[in-house]
Amino acid sequence: MPQTSSLPTIGDYKLPNQVILAPMAGVTDQPFRQLCRRLGAGWVVGEMVTADPNLWHTRKSRQRMNHAGEPSPRVVQIAGGDAAMLAQAARLNVDLGAQVIDINMGCPAKKVCNKAAGSALLRDERLVAQILDAVVAAVDIPVTLKIRTGWCAESNNAMTIARLAESAGIQALAVHGRHRQQRYNGQAEYDTIAEIKSRLSIPVFANGDIDSPHKACEVLRHTQADALMIGRAAQGNPWIFQQISHYLEHGSELPPPRLSERCHVLGEHLGSLHAFYGATMGPRIARKHIGWYLDTDKRFDADQIRELKRQFNALTSPSAQRVWIHKAMADDADERLFAKGSHAA
């Protein structure tokens, strides 16, 4: 039977389990973080926030920095390429309620890397050291770090970066098992994570392609990581956290959520998106999330899912979206949504 190891501690915070929601821009907003926490995520990390305070006046930045009503610990990820600016961003986010600062050195997006931030920083180990030292010194709360295995296949320097992190006082390290040039293509490798874990004393989190309880168990055994970080596999499937945590603790699989549970969670998520973003932006933001839920709904084939997305994306009001969700989650959804002449409510 799979067994959980001793649970990691970051500062004053002990993780309740070994399953973490990874930071994902445009995904891990406050409504999704709170939902995943309720469904078993032991630690959640917010969307990446730029370190440049001159850009914080935008609606997107204000929403990403909104922690109202969130339980502890509130983990804020910052991104940038200037040590002094990142240190200042860390201090300002603490003033706004952050309880843990996470530094992004893993994002592969061009618009981030083109500004010498995210995973682009891995090419400059001296700058990495400067950033880590500056941010850790700037705040009195825990600082964590997320990286990839390197910039490209020829420069796998994750071990060097990991040692710099530990020396600087970073309190936990998350490693995505791909280099930057892979983006999200190919398969994640875990040998690098295992090597890092074997040589560091701080908690190490394994990230990349962990999409089932069995895969989670395999990755933990291979890497001996302290916890697992789940990203894309949680999109449309927030139940994955309780499923993995249960399997790691008990060695048995939870049954998939009942249709009534899916309906309740989708309705809850939809309502929180409408409340957080408002009656105009809320329905727009909801489209991608509902699309992910539909992608994981095994009742529908690919053509039906495309049609369902078309129907939902045509809806512009919160009330219309709520009515449609109850139709889609009904036992007779096939008849109600695909009847001849059917159209969006």
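The structure we're discussing is the one just above.
This structure is a prediction, so every number in the text was calculated from the model and none was measured. (Residues numbered from 1 in each chain as written. Predicted model: local features only at pLDDT ≥ 70, side-chain atom pairs only at ≥ 80, totals over all residues. Heavy atoms only, no water.)

Student: Got a minute to help me understand the sheet that holds strand β10 (residues 227-230) in this structure?
Tutor: Sheet strands associate in pairs through backbone hydrogen bonding, adopting either a parallel or an antiparallel arrangement. Judged by pairing direction, the barrel is parallel, and its 8 strands sit side by side in the order β3-β4-β5-β6-β7-β8-β9-β10 before closing back on the first. The sheet shows a mean angle of 25 degrees between the axes of neighbouring strands, direction not considered. Relative to strand β9 (residues 204-207), strand β8 (residues 173-176) runs parallel, the two being bridged by 4 bridges. Bridging from a neighbouring strand, L173 pairs with V204 of β9. Each of β8 and β9 is contacted by helix α7 (residues 191-199), which is oriented at about 175 degrees to β9, the strand it contacts most. (Pairing = 2+ DSSP bridges. Helix = DSSP H or I, 4+ residues; strand = E, 2+ residues; numbered from the N terminus. Axes fitted to C-alpha atoms, helices over the stretch in contact; angles between N-to-C directions. Contact = heavy atoms within 4.5 Å.)

Student: Is there a simple way to think about the layout of surface pockets in this case?
Tutor: Taking a probe equal in size to a water molecule and rolling it over the atoms shows the remaining empty space. There is about 310 Å³ of room inside the second largest pocket. Of the residues assigned to the lining of the second largest pocket, the class counts are 4 nonpolar, 4 polar and 4 charged. (1 Å grid on protein atoms, 1.4 Å probe; cavity = no way out; pocket = protein on both sides within 12 Å on 5 of 7 lines; lining within 4 Å. Points joined across faces, edges and corners; volume = space filled by probe spheres on them. Nonpolar A, V, L, I, M, F, W, Y, C, P; charged D, E, K, R; others polar.)

Student: Would you explain the nonpolar core in this entry?
Tutor: Considering soluble globular proteins, one finds that nonpolar side chains tend to be buried as a cluster. Core analysis: the biggest nonpolar cluster contains 67 residues, and M105, L145 and L228 have the highest contact counts within it. Each residue touching L228, except ones within four places of it in the same chain, is listed here: Q18, V19, I20, A206, I210, A216, V219, L220, I244 and L248. Counting 26 residues, the second largest nonpolar core, distinct from the first, contains W239, L266, W324 and A328. (Core = buried A, V, L, I, M, F, W, Y, C linked by side-chain atoms within 4.5 Å. Buried < 20%, exposed > 50% of the residue type's maximum accessible area, 1.4 Å probe, protein only.)

Student: What is the right way to look at the side chain of H269 in this model?
Tutor: Inspection of the secondary structure puts H269 in helix α10 (residues 259-295). Take H269: its relative accessible area is 2%, and that puts it in the buried class. At 2.9 Å, the side chain of H269 forms a polar contact with the side chain of Y293. (Polar contact = N/O pair within 3.5 Å; in protein donor to acceptor, adjacent residues only side chain to side chain.)

Student: Please explain the environment of V135 as it appears in this structure.
Tutor: When you line up the elements, V135 lands in helix α5 (residues 125-138). With 48 residues separating them in the primary sequence, V135 and A87 have C-alpha atoms 4.4 Å apart.

Student: In this structure, what is going on with the packing of α10 against helix α11 (residues 302-313)? I would like to understand it.
Tutor: A packed helix pair is summarised by two numbers, namely the angle formed by the two axes and the spacing between the axes. Where α10 contacts α11, the two axes come as close as 9 Å, and the packing angle between them is 170 degrees. By the criterion of interaxial angle, the relationship of α10 to α11 is roughly antiparallel. Contacts between α10 and α11 pair L270, A286, R287, I290, G291, L294 and D295 from the former with I305, L308, K309, F312 and N313 from the latter. When grouped by side-chain class, the residues that make up the contact of α10 with α11 number 7 nonpolar, 2 polar and 3 charged. (Parallel < 35°, antiparallel > 145°, perpendicular 65-115°, else oblique.)

Student: Before we go on, may I ask you to explain the packing of aromatic side chains in this structure?
Tutor: What describes a pair of aromatic rings is the distance from one ring centre to the other and the angle between the planes of the rings. All told, the structure shown has 4 aromatic pairs when counted by the stated rule. Ring geometry for F276 and Y277: centres 4.9 Å apart, planes at 90 degrees, overall edge-to-face. Judged by its relative accessible area of 14%, Y277 falls in the buried class. (Phe/Tyr/Trp six-rings, centres within 6.5 Å; stacked < 30°, edge-to-face > 60°.)

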